[in-house]
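# Breakdown of the fold
The lines below spell out each chain.
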Amino acid sequence: MHLLPTLAAVVLAPIASAQFEVLSSVDFDTPFLFVDPTFAVPHPDGGTVLGYTKTGNPIGPATLVLSRVSDDGQLLWTRDDPILQRIGRLDSLRITPSGVTVVNVQASAFLYEEEGEILAIDGAGNLLWSAWPAPALGTTFVGRVAGFSPSGDLYVFGHTDGDDTVSALLIDVDTGAEIWRVDLTGADPAFDLPTLQVGVGTTDLFAVWRGATSLVVARIDPTGQVLYQRSLPVTSVTYPEVQPLIATPDGGLYVAVSGPEDQVVRLDALGSIVWQDSVSGFQGFTGIDLAEDGGVIATYRRLGGRIRRLDPDGNQLWIRSGPAGTRRFAQVRAAEDGSFWASYTLGSASGPTGGGVVRYLANGGPGGDVVLPSTSSDAATFVDEVTLGAFDARGHAAVLHTSSVPNPGAMFPNPSILPREIALVRIALDELTETVECAQSTPNSTGSLGLLRAIGSPVADRDSVALVADRLPPGQTVLFLNARQGGFTPNPGGSAGDLCLGAPLTRYLGDVTTSGAGGRAVLQLDLAETPDGAGLVPVVAGETWFWQAWHREPGSGSHLTSAVSVVFE
């Protein structure tokens, strides 16, 4: 493995015009034939932990590779662990707030899942413990780590092979010991792992699995109490493909199911169906994520890739195709500024030819695109898999991609594509520098000082700036204000707090919004039509603009956030 100091120079030119910049890159040699680049997760102490599995043939032993890379692309540590019982895959990778990496490796005997293993790795790459739940009745337990309970311990959910038992467990994060276990019935004895999806809401464990005649959904609280277990009426359960669950702050749930018709099912806190959205013609979910307003963004693999935005009531707000030549989408992530990022593969039904990451604004408008180059010295290689990891605390994305070569005429068990190298790239939008004009002198009703940030590119012509008002009381009206200069007026118009903008003051009256369940409101600016006195004007290079947000308080009264200014280029 080696660093690639010249990679940024190769890709920065086209990325800059697309509003992206490469922050760092590290390349890993992968001399094995079968490689699964699965996870890239930000570490709470900085950098990224990446994980993938590799094997030399479809029935031989596999190896789990875990590495931690710093923010500037330096390899901090790496470890190789053999996977139990022939081949396998990395099924989940999560990191505790204290920096412990927890991975779930699912072993396999060619086409059939076998016993897996959970490993806990400390911040320096050392093994703390390994464990795997025992089966309830059958011979093996097939499952996955869902996430963390309020106590920081691990939720695990899985199936006992050969019978109809599924099990929810809480595992001690420090030792790997079982704290509690709940065994349920209702699984299809022919259960396979792709039909199981798990997730964690604010406190509870959620799971969807294939039952004998329908999909089944369950919610379990931190004490092991089953809050509900219900069947889902979807169009096909023969071989359903369920995407990762998305739990909402109010205890609800989104489930995405592929079948004759792709369906997004919205459940309330009691597991009852609120609405079902069905769409046909481009089957195959590849990702789903929760949007700022409580709706969802979903990506699809068919017909060159599609991305759809649904509001909290199930209405389609917009639908877009992938970049020209897109073969399919992969992951999708909702960014803090209200935009949506998705990874994609270029090519056709005959095979991939490249890949990258594309961004869509909150209204579905174009927000930038970056095509990732092959990192291999072999001129025949191309990017064939792109994995978009989670955003870190600064809104930077970790992207894991594979450079491969074609293997024409290959027959099973030999692959038609041979991976050469895996690369981890950190990308971000061109970052503007904001100036905080003043912080509030009094807290709002949450006990916090309201905060306003500006996110995006400082280049005016790129029209890519969003305002993020944070630390607000949930569910309250929010109005954004602007001016060409700063100022200071305490308790303006009887409102609590300080107005930090000077006259003349302008309001975004057409963009009044509300703070969500998390106490946050986002406004994607239209720099070409910025309110300024009696009309709308474009923001141009060299100008400085000031913003602040005003919000209602629960019951009565109002308050303000801090103010920021941006100098545009």
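As a reminder, the structure under discussion sits directly above these lines.
Residues numbered from 1 in each chain as written. Predicted model: local features only at pLDDT ≥ 70, side-chain atom pairs only at ≥ 80, totals over all residues. Heavy atoms only, no water.

This next bit is on empty space enclosed by the protein. Throughout the structure, instances matching the rule amount to three cavities of 30 Å³ or more. One number sums up the size of the largest cavity: a volume of about 40 Å³. Along the walls of the largest cavity sit Pro 42, Gly 47, Thr 48, Asp 71, Ala 390, Asp 392, His 396, Ala 397, Ala 398 and Arg 426, which together make up its complete lining. Residue composition of the lining of the largest cavity, by class: four nonpolar, three polar and three charged. (1 Å grid on protein atoms, 1.4 Å probe; cavity = no way out; pocket = protein on both sides within 12 Å on 5 of 7 lines; lining within 4 Å. Points joined across faces, edges and corners; volume = space filled by probe spheres on them. Nonpolar A, V, L, I, M, F, W, Y, C, P; charged D, E, K, R; others polar.)

When its volume is computed, the second largest pocket comes out at roughly 620 Å³. Along the wall of the second largest pocket there are 30 residues; nearest its centre are Ala 362, Asn 363, Val 522, Leu 523 and Gln 524. Taken together, the elements giving at least two residues each to the lining of the second largest pocket come down to strand S27 (316-321), strand S31 (366-372), strand S42 (513-514) and strand S43 (521-524). The biggest single contributor to the lining of the second largest pocket is S43, with four residues. The residue inventory of the lining of the second largest pocket, partitioned by class, reads 11 nonpolar, nine polar and 10 charged. (Helix = DSSP H or I, 4+ residues; strand = E, 2+ residues; numbered from the N terminus.)

Now for the packing of aromatic side chains. Summed over all chains, the structure comprises nine aromatic pairs. Judged by centre distance (5.0 Å) and plane angle (85 degrees), the rings of Trp 341 and Phe 391 are edge-to-face. On the criterion of sequence distance, the pair formed by Trp 341 in strand S29 (residues 340-348) and Phe 391 in strand S32 (residues 382-391) is long-range, its members being 50 residues apart. (Phe/Tyr/Trp six-rings, centres within 6.5 Å; stacked < 30°, edge-to-face > 60°.)

What follows is about the state of the cysteines. This structure, assessed with the given rule, holds one disulfide. Two residues, Cys 438 and Cys 500, share a disulfide whose sulfurs are 1.6 Å apart. Judged by the sign of its S-S torsion, about 55 degrees, the bond between Cys 438 and Cys 500 is right-handed. Residue Cys 438 is located in strand S35 (residues 434-438), and its partner Cys 500 is located in strand S40 (residues 498-501); the two are separated by 62 residues in the primary sequence. For Cys 438, a relative accessible area of 15% translates into the label buried. (Disulfide = S-S within 2.5 Å. Buried < 20%, exposed > 50% of the residue type's maximum accessible area, 1.4 Å probe, protein only.)

Attention now goes to the sheet that holds strand S24 (residues 285-290). Pairing within the open sheet is antiparallel, and its four strands lie in the order S24-S25-S26-S27. A strand with exactly one partner marks an edge of an open sheet, and here the two such strands are S24 and S27. Taken over all neighbouring pairs, the strand axes of this sheet differ in orientation by 15 degrees on average, direction set aside. Where strand S26 (residues 306-310) lies against S27, five bridges are found, and the strand directions are antiparallel. If you follow Ile 307 over to S27, its bridge partner there is Arg 320. (Pairing = 2+ DSSP bridges. Axes fitted to C-alpha atoms, helices over the stretch in contact; angles between N-to-C directions.)

Everything listed is a geometric property; what it means functionally is a separate question.
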